[in-house]
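Take a look at the letters that make up each chain.
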Amino acid sequence: MTSQTLEVIKTTTHKPKPDPEALGFGKYFTDHMLLIDYHSDKGWYHPRIVPYEPLTLDPAAMVFHYGQTVFEGLKAYKDHDENVRLFRPEENMKRLNRSNERLSIPTLDEKETLSYIKELVRLEKDWIPTSTGKSLYIRPFVINTEASLSVAPSKTYTFLVILSPVGSYYSEGIDPVSIFVEDFYTRAAPGGTGYAKTAGNYSAAYKAQERAVEHQRSQVLWLDGLEKKYVEEVGSMNVFFKIDGEIHTPEINGTILEGVTRKSVIELLRSWDLPVHERRIAMDDLIQAHQNGTLEEAFGTGTAAVISPIGILDYKGKEYTINNNKTGDISNRLHNAITGIQTGRLEDPFGWTTVL
């Protein structure tokens, strides 16, 4: 995609802004959205910001039938000076293109596309909530739009970005959650789409989440798809364990999504001179560490929650409580550091934030 002029068509009818104390997640959407079209004869073309409105697609559009689609998720924040901040957006663009490549979708020019996203966020900056824990969620995604039932990559696509003001993931602090270890359903397998953010990965997880709810647990801990022995992800988050003073997280192996928050956590921990190991983690080893008292802390990491402490693991009918079901020191420290950098409350020694 060569550099192209961004067309901006502003709405003449502004939506009422929602109550900032009742935002939830992904329930409200701003006045405008970004679109870029693709055709195999032209490449990516016609970048434009237009009023938010429904899409018109042919019922035979292949996205409905074969799920050739990918998405991303990141947030915009306002600091105490009302400056708008993005957190490591370049990493999201890199991951979007990794997902595109896996789904046989043409890649986008990362720098150019990010410049368009920044313009959209600038236009909608008044939608960014300012109270603690709230932000503007940014959802880029690509859909296959060709009207055909042929089982093949499309000749046409549309890239879109929509924005949603969202509330705090936690209503009262960062309290530990209880986790059901899923030993039947599989999230991803070697050679599959586990490392891509594509729609089917998420809807295919619903059944396991239903099982977790039946067991009165908040989320699912996924095991590997071959042996059902090794830890992979928790819900839609990456997962970390503190064992005998050192931090362990599953290695990136093609079945695990490479989270931006995961990467930031690893870099932060190492900057604090805390040992971090990216490796295969057997569930049996976690149980052994719990039994000998060295499993000190566990937490998930992701865009929505940032840090989600884990207080209980439910595995094969047995309950294993971690850190007395309390939020650990590392979880608290990481949460405070990352949210502080994201919002400008703390210094950013890593150059992670982009100020618009």
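Here, the structure is the one placed above.
Only a predicted model underlies this, so the values are computations on that prediction, with no experimental measurement involved. One numbering rule holds for all chains: residues counted from 1, following each sequence as written. In view of the model being predicted, local features appear only for residues whose pLDDT reaches at least 70, and side-chain atom pairs are presented and counted only at 80 or more, with totals across whole chains, interfaces and linings using the full set of residues. The side-chain figures draw on all heavy atoms in the structure; neither hydrogens nor water molecules are used.

Some words on the overall build of the chain
Here is the rule we go by: Comment: elements are numbered from the N terminus, with helices defined as DSSP H or I runs of at least four residues and strands as E runs of at least two. Computation of the radius of gyration draws on C-alpha atoms, with the globule rule given as 2.2 Å multiplied by the number of residues to the power 0.38. Residue contacts follow a heavy-atom distance rule, with two residues in contact if any of their heavy atoms lie within 4.5 Å. Computed with the Shrake-Rupley method and a 1.4 Å probe, the accessible areas treat only the protein chains shown as cover for residues.
Along the chain, the regular secondary structure elements total eight helices and 18 strands. In summary, the chain has a C-alpha radius of gyration of 21 Å against a globular reference of 21 Å for 356 residues, a match within 12%. Principal-axis analysis of the C-alpha atoms places the extent of the chain at approximately 60 × 50 × 35 Å. Here the contacts in the chain between residues at least 6 apart in sequence split such that 70% fall between residues at least 24 apart. Carbon and sulfur atoms form 48% of the exposed surface of the chain, whose accessible area is close to 16300 Å².

Considerations on the packing of aromatic side chains
Threshold: In this analysis, rings of Phe, Tyr and Trp, with Trp reduced to its six-membered ring, are considered paired at centre separations within 6.5 Å, and the interplanar angle assigns stacked below 30 degrees, edge-to-face beyond 60, and tilted for intermediate values. Each residue is assigned to one of three classes by its accessible area relative to the maximum for its type, calculated with a 1.4 Å probe on protein chains only: buried under 20%, partly exposed between the two thresholds, exposed over 50%.
Inspection of every chain in the model, using the stated rule, returns nine aromatic pairs. A centroid spacing of 5.3 Å and a plane angle of 10 degrees characterise the contact between F240 and F299, whose relative ring orientation is stacked. Of the two residues, F240 is situated in strand β12 (residues 238-243) and F299 in strand β15 (residues 295-302); the sequence distance between them amounts to 59 residues. Of the residues examined, F299 reaches a relative accessible area of 0% and is grouped as buried. Ring geometry for F350 against W352: centres 4.2 Å apart, planes inclined by 10 degrees, an arrangement best described as stacked. Residue classification places F350 among the partly exposed positions, given a relative accessible area of 30%.

Here's the deal with unusual backbone geometry
Located in the positive-phi region is R88, a residue other than glycine, with phi close to 50 degrees. Within the element layout of this structure, R88 appears in the loop between β6 (84-87) and α2 (89-102). R88 gets classed as buried once you look at its relative accessible area, which sits at 7%. The phi dihedral of Q216 falls on the positive side, at around 60 degrees, and the residue is not glycine. Here Q216 is to be found in the loop between α5 (206-214) and β10 (219-223). We classify Q216 as exposed; its relative accessible area is 70%.

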